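An overview of the molecular structure
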Amino acid sequence: MKRTQKILLMLITLLALNTITSCKKVLDVKNISAIDQGDVWSDPAAMQLLVNVIYANAEPEGFGTGYSNLGRINFAMGAMSGEGRPSYEFLGWTNGPVNGISFNVASAPFQRWSYSTIRLCNDFLTKIETLYPAQTSNAEIRNNLIGQVKFFRAFLYWRMIQIYGGVPIVDKVLNESSPELYGARNTMEECFQFVIKDLKEAGRLLPLNVGSGNRGRITRGAALGLLSRVLIYRASPMYSPTPNTQYWQEASDAAKAVLDLNVYSLNNVAFGSWFLNKDNAETIWQVEFVKGKRMHGWDASQMANIPFAVGDAVNTCPTQELVDAFPMNNGKAITDATSGFNPNDPYVNRDPRLRATVVTNGETFGGIPVYSFVSEGANVATNFKYNPNGLGMSYGTGTGYFMRKAMDESLVTATPREYNYGTGSYTNWVEMRLAEIMLYYAEAENELGRTAPAYDIIGKLRARAGIAAGTGNTYGIPLGLSKEDMRIAIQNERFIELAFENKRYWDLKRWKLAEVVLNAPTHVAVITKKNNTPLTSNGTDYTYRYEVSRHDISFPPVFQQKYYYLPIPQSQILLNPKLEQNPLWK
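Because the structure is predicted, anything quoted here is derived from the model rather than measured. (Residues numbered from 1 in each chain as written. Predicted model: local features only at pLDDT ≥ 70, side-chain atom pairs only at ≥ 80, totals over all residues. Heavy atoms only, no water.)

Now for the overall build of the protein. The secondary structure content of the protein amounts to 21 helices and 10 strands. Relative to the 2.2 N^0.38 estimate, which gives 25 Å for 586 residues, the radius of gyration of the protein is 25 Å and therefore close to what a compact globule would have. Taken over the C-alpha atoms alone, the protein extends approximately 75 × 55 × 50 Å along its principal axes. Across the 586 residues that make up the protein, the buried fraction comes to 55%. For the protein, restricting intrachain contacts to residue pairs at least 6 apart in sequence, the fraction spanning at least 24 positions comes to 71%. In the form shown here, the protein has an accessible surface area of approximately 23,800 Å², with 53% of it arising from carbon and sulfur atoms. One way to put it: in the protein the 58 positive side-chain charges average out to a point 3 Å from where the 53 negative ones average out. (Helix = DSSP H or I, 4+ residues; strand = E, 2+ residues; numbered from the N terminus. Rg over C-alpha atoms; globule rule 2.2 N^0.38 Å. Buried < 20%, exposed > 50% of the residue type's maximum accessible area, 1.4 Å probe, protein only. Contact = heavy atoms within 4.5 Å. Areas by Shrake-Rupley, 256 points an atom, 1.4 Å probe, with all protein chains shown as cover. Lys, Arg positive; Asp, Glu negative; His and termini not counted. Charge placed at Lys NZ, Arg CZ, Asp CG, Glu CD.)

Printed below as a string of structure tokens:
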């Protein structure tokens, strides 16, 4: 154990030094070996570089990887939540987590034991007290640095709470003889309180804005937004099986505090545009990607249409369950007999967010028509029923739909084509935006028995989307809903508003709905062309039926009670006998 700790310390030190080395101009040093504590802790730029190491280790995965045993996180999260399925039923990185075969103590997904990065946070917070003390330092710089580090320490603990429940709290730098190396798990409430305290302190210390050139830097809004997220989870059934009015009130207050900053806005932000416009008014926290420097492969993994597909393409095809969740453009559910829904032309007059999220049959992508109807017959010029992109075809759709959300459609016709196998895309990952916080506020207020704020919030989101206000200005939400019915409406609004933003899986767990939703098979649209006539986008030229996806026939979804809290990594249990494994995993 001692030798392991020494090696870990050396690796962390080397990582920090390598980061500093890559920025010699900022530090203005001749030799990395000549750096001493005084050099680093007298230079705000050097201190920020140390914080940047924490960013690199702690930022959310988003488009990229980050969890062991979930390989390609950007594919797996959509599949695990029921939002999507891959074009092929045999893709291992979705099959295992979806049907539970990866859920065992030795190889469970979401294995984040983040104490090496927490150590970096603790080390920074300890040293700044003595080497850049408040009495002799620039208060604005010092507060900003401490605020960023406390934010990420809270975020790392929060992610472990999401996965495991209570974990050991370590708030100082440990050495080889520290008894905390073999500490027991703190209670979940103690962990929540620790995270809440760090985020409140970060919120007091961080600036509202960080200025141009600092896109992706943590601000006060991000700290208060994460506090809102943490508190809504603490109040939710998974973490508080007995409803707790105080918890819901604290969650409401935290969300309202973000709204009251008046820094973020839905105004003039088209739905989905925050991924492409990196300076829009809705984004609260984003992870920065830069062309040619730091890129990801979202577009390569999802690109529709064979001429433009590369590498891992068509790995997240939206499910029929997601498509059905979108209402009509009058806000009424498609199951409402008065909604105007036409099953023979199912995509006409729908909530505009559907088109911004999903490419349906006959829609354009990058200005080019995309068809997802089932291919029939041979690939000959006179056969208009042949469709290389159709259901079940190689590089075709797995569900009857293709992904549009977060896709950069300009890449389709770009010359030369640069996206390929995990690279070439540089849209920012938006981890938190105003709509998420608004929906937290609506949820908390509704749980407190106040439905009016929920009507207001859903109305604002639907108005931004382009849905008609309708009678009573309720945007299709029926008047006089009970708390229970409004809860369902809010949950559905989160499903469609935040689709593919890595929120759905965790929402289903905190609501204790995962055992219902994630044990049910997903469905696909089997779209057939009526006649062998030239291609058209007219929906009535096709027929529609729905069946269980091939993926779910081959690998039926499985979510068991024990998946709510996943197992502490087996390696850590072996190292520390005081660590109690989660009960259902013993």
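Let us look at helix α10 (residues 220–235). Its 16 residues give α10 an end-to-end C-alpha distance of 23 Å, which sits within 8% of 22 Å, the value for a rise of 1.5 Å per residue. For α10, a buried count of 15 out of 16 residues is recorded, marking the element as mostly surrounded by other parts of the structure. (Expected span 1.5 Å × (residues − 1).)

Attention shifts here to the side chain of Arg433. Inspection of the secondary structure puts Arg433 in strand β8 (residues 429–433). Engagement of the side chain of Arg433 in a polar contact is seen with the side chain of Glu282, the distance being 2.8 Å. At 2.9 Å, the side chain of Arg433 and the side chain of Glu501 are in polar contact. Setting aside residues up to four positions removed in sequence, Arg433 forms contacts with Phe271, Trp274, Glu282, Thr283, Ile284, Lys405, Arg464, Glu497, Leu498 and Glu501. (Polar contact = N/O pair within 3.5 Å; in protein donor to acceptor, adjacent residues only side chain to side chain.)

Our next topic: the side chain of Glu59. Tracing the chain through its elements places Glu59 in the loop between α4 (44–58) and α5 (73–80). Relative accessible area serves as the criterion here: at 14%, Glu59 is assigned to the buried category. Within the structure, the side chain of Glu59 is placed 3.3 Å from the side chain of Arg294, a separation counted as a polar contact. Not counting residues up to four positions away in its chain, the partners in contact with Glu59 are Ile54, Phe152, Phe155, Val287 and Arg294.

Note the cis peptide between Thr415 and Pro416, where omega equals -5°. Of note, Pro416 is situated in the loop between β7 (402–403) and β8. The phi angle at Phe500 is positive, at roughly 65°, despite the residue not being glycine. Structurally, the position occupied by Phe500 is in the loop between α17 (483–497) and α18 (504–510).

This part is about the nonpolar core. Ranked by size, the top nonpolar core spans 108 residues in total, and within it Phe124, Phe151, Phe152, Tyr157, Trp158, Met486 and Tyr505 carry the most contacts. With 14 residues, helix α8 (residues 139–164) is the largest single contributor of residues to this core. Contact partners of Met486, with chain neighbours within four places excluded, come to Asn446, Thr451, Ala454, Tyr455, Ile458, Ile477 and Leu481. Membership of the second largest hydrophobic core comes to 47 residues, among which are Trp274, Ala300, Ala309 and Tyr419. (Core = buried A, V, L, I, M, F, W, Y, C linked by side-chain atoms within 4.5 Å.)

Counted under the stated rule, the structure contains 34 aromatic pairs. Centroid distance Phe152 to Trp285: 6.4 Å. Interplanar angle 70°. Geometry classified as edge-to-face. Pair noted here: Phe152 is in helix α8 and Trp285 is in strand β2 (residues 283–287), with a separation of 133 residues, a long-range link. For the residue pair Phe152 and Trp285, the accessibility class agrees, reading buried in each case. On the basis of an interplanar angle of 45° and a centroid distance of 6.2 Å, the ring pair of Trp274 and Phe275 is categorised as tilted. We classify Phe275 as buried; its relative accessible area is 1%. (Phe/Tyr/Trp six-rings, centres within 6.5 Å; stacked < 30°, edge-to-face > 60°.)

All quantities given are derived from atomic positions and should not be read as evidence of function.
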